[in-house]
Amino acid sequence: MSTLTTPAPDRTAAPLRIGPHTVAPPVVLAPMAGITNAPFRTLCREFSGGKGLFVSEMITTRALVERNEKTMQLIHFDATETPRSIQLYGVDPVTVGKAVRMIAEEDLADHIDLNFGCPVPKVTRKGGGSALPYKRNLLRAIVREAVTGAGDLPVTMKMRKGLDDDHLTYLDAGRIAVEEGVTAIALHGRTTAQHYGGTADWDAIARLKEHVPEIPVLGNGDIWSAEDALRMVRETGCDGVVVGRGCLGRPWLFADLVAAFEGRTDAFVRPTLREVADVMVRHATLLGEWIGDEARGVIDFRKHVAWYLKGFAVGSEMRKRLAITSSLEALRAGLDELDLDQPWPTGADGPRGRTSGNNRVVLPDGWLKDPYDCAGIGEDAELDTSGG
């Protein structure tokens, strides 16, 4: 792919230690439901040269314990993935403990990340995701069960600042994590109410780093380029970065991140549309192979089309046509009709993905009455299948 020379950074982060694993450079692919499956992780890992940590999409602990067919497919790792990293979502300490012990005893992964950051209503209305850290005792019980059940496997956690500006939880949650043996924490600098809107609060990442100096703190939020990642480390003192929406339709961002953290000046990727089209076809192909059906793979790929083509002169009708293809042949044929010699568009490195904000936080009844009382978790809190 085409490259663009960039000045050497003035500071790079040290390698990140996650239990026995060294992550160098300290770059992590954020779990994203329906996105960070094995095919997408493969693409990101290939562009990174195998460097970094690439986490599975969110897995519901009850579905895992019950060996739900879809969930068992989601925890499949390619033979080249190391370390194998699973993110778990759970609201019941006992179920979380069972899931973690299952992973450890059956050698299903090398690293476990706990999700306390998902802001979507179907998760928070049951007390899960970013709603859960408000209940300090419940958070502690879940983390304790996970760390105990994991044995030698390192356990990390990802969270948000809190429910909203009036109900911040991240400093308390960070201290609980340290006390219960969590290996590292990732903080998305937004509240649940913000969802993905507004601007991420990097100052909160710096405050958390000062509050829990015992373990690594990773920053997440508004990393759209390798320069953003370096700036976050420089401004907050965090030990690494977690990248989510910035790599949507742009798995080569991980090549940029590796180059930036290694101080190289010759490797920022700026693909032509032809090169982007080749990645699109490969992505759809990998999805078909992973699912076991080409048509279903291409259909699953449809959500990625707009992200890959952002900024290119394509035309609304062709965009619609490419977004309804159901075969690799049709996808390739449509792409071949484009002006594939187009260079990487100016501004295409900017924000992408969901941007909605200022949402009403949906919580279980009475959730805010007592930040320590664990009541309010219903029996159906983990009955949804994986994906969040």
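Above this text is the structure in question.
Residues numbered from 1 in each chain as written. Predicted model: local features only at pLDDT ≥ 70, side-chain atom pairs only at ≥ 80, totals over all residues. Heavy atoms only, no water.

**Q** Looking at this structure, I do not really get the overall build of the protein. What am I missing?
**A** The helix and strand tally for the protein stands at 15 helices and twelve strands. Against the globule reference of 21 Å for 388 residues, the protein gives a C-alpha radius of gyration of 20 Å, in line with a compact fold. Expressed along its principal axes, the backbone C-alpha trace of the protein runs to roughly 60 × 45 × 40 Å. Of the contacts formed within the protein by residues at least 6 apart in sequence, a portion of 74% connects residues at least 24 apart. For the protein, the exposed area adds up to about 15200 Å²; of that, 49% sits on carbon and sulfur atoms. Taking the 45 positively charged and 53 negatively charged side chains of the protein as two groups, their mean positions are separated by 2 Å. (Helix = DSSP H or I, 4+ residues; strand = E, 2+ residues; numbered from the N terminus. Rg over C-alpha atoms; globule rule 2.2 N^0.38 Å. Contact = heavy atoms within 4.5 Å. Areas by Shrake-Rupley, 256 points an atom, 1.4 Å probe, with all protein chains shown as cover. Lys, Arg positive; Asp, Glu negative; His and termini not counted. Charge placed at Lys NZ, Arg CZ, Asp CG, Glu CD.)

**Q** Just checking my understanding: could you explain unusual backbone geometry for this structure?
**A** Of all residues except glycine, most have a negative phi; of all peptide bonds, most are trans. Following A24, the chain continues to P25 via a peptide bond in cis, the omega torsion being -5°. Look at R67: it is not a glycine, yet its phi comes out positive at around 55°. Positive phi, close to 65°, is recorded for D222, a residue that is not glycine. As for its placement among the helices and strands, D222 is situated in the loop between β10 (217–220) and α9 (226–236). Using a relative accessible area of 15% as the deciding quantity, one classes D222 as buried. (Buried < 20%, exposed > 50% of the residue type's maximum accessible area, 1.4 Å probe, protein only.)

**Q** Please clarify how the sheet that holds strand β4 (residues 27–29) should be interpreted in this entry.
**A** Sheet strands pair via backbone hydrogen bonds, and the direction of the pair is either parallel or antiparallel. Taken in spatial order, the eight strands close into a barrel running β4-β5-β6-β7-β8-β9-β10-β11, and their pairing is parallel. Strand-to-strand twist of the sheet, defined as the mean angle between neighbouring strand axes without regard to direction, takes the value 25°. Pairing of strand β8 (residues 155–160) with strand β9 (residues 184–188), which is carried by five bridges, proceeds in the parallel orientation. Across the sheet, the residue bridging to R160 is H188, located in β9. (Pairing = 2+ DSSP bridges. Axes fitted to C-alpha atoms, helices over the stretch in contact; angles between N-to-C directions.)

**Q** What am I meant to see in the environment of I291 here?
**A** With respect to the element layout, I291 can be found in helix α11 (residues 273–291). Once the C-alpha coordinates of I291 and M280 are considered, the two residues, eleven residues apart in sequence, prove to be 17 Å apart. Setting aside its immediate chain neighbours within four residues, I291 contacts Q73, R296, G297 and D300.

**Q** Would you mind showing me how to read the packing of helix α7 (residues 170–179) against helix α8 (residues 202–211) here?
**A** Between two packed helices, what matters for the description is the angle formed by their axes and the separation of those axes. In contact at an axis separation of 10 Å, α7 and α8 are set at 35° when each is read in the N-to-C sense. Where α7 crosses over α8, the two elements pack in a sense that is right-handed. Packed against α7, whose contacting residues are Y170, L171, G174 and R175, the element α8 presents A204, R207, L208 and H211 at the interface. Residue classes in the contact of α7 with α8 are distributed as four nonpolar, two polar and two charged. (Left-handed = near helix turned anticlockwise from the far one by under 90°. Nonpolar A, V, L, I, M, F, W, Y, C, P; charged D, E, K, R; others polar.)

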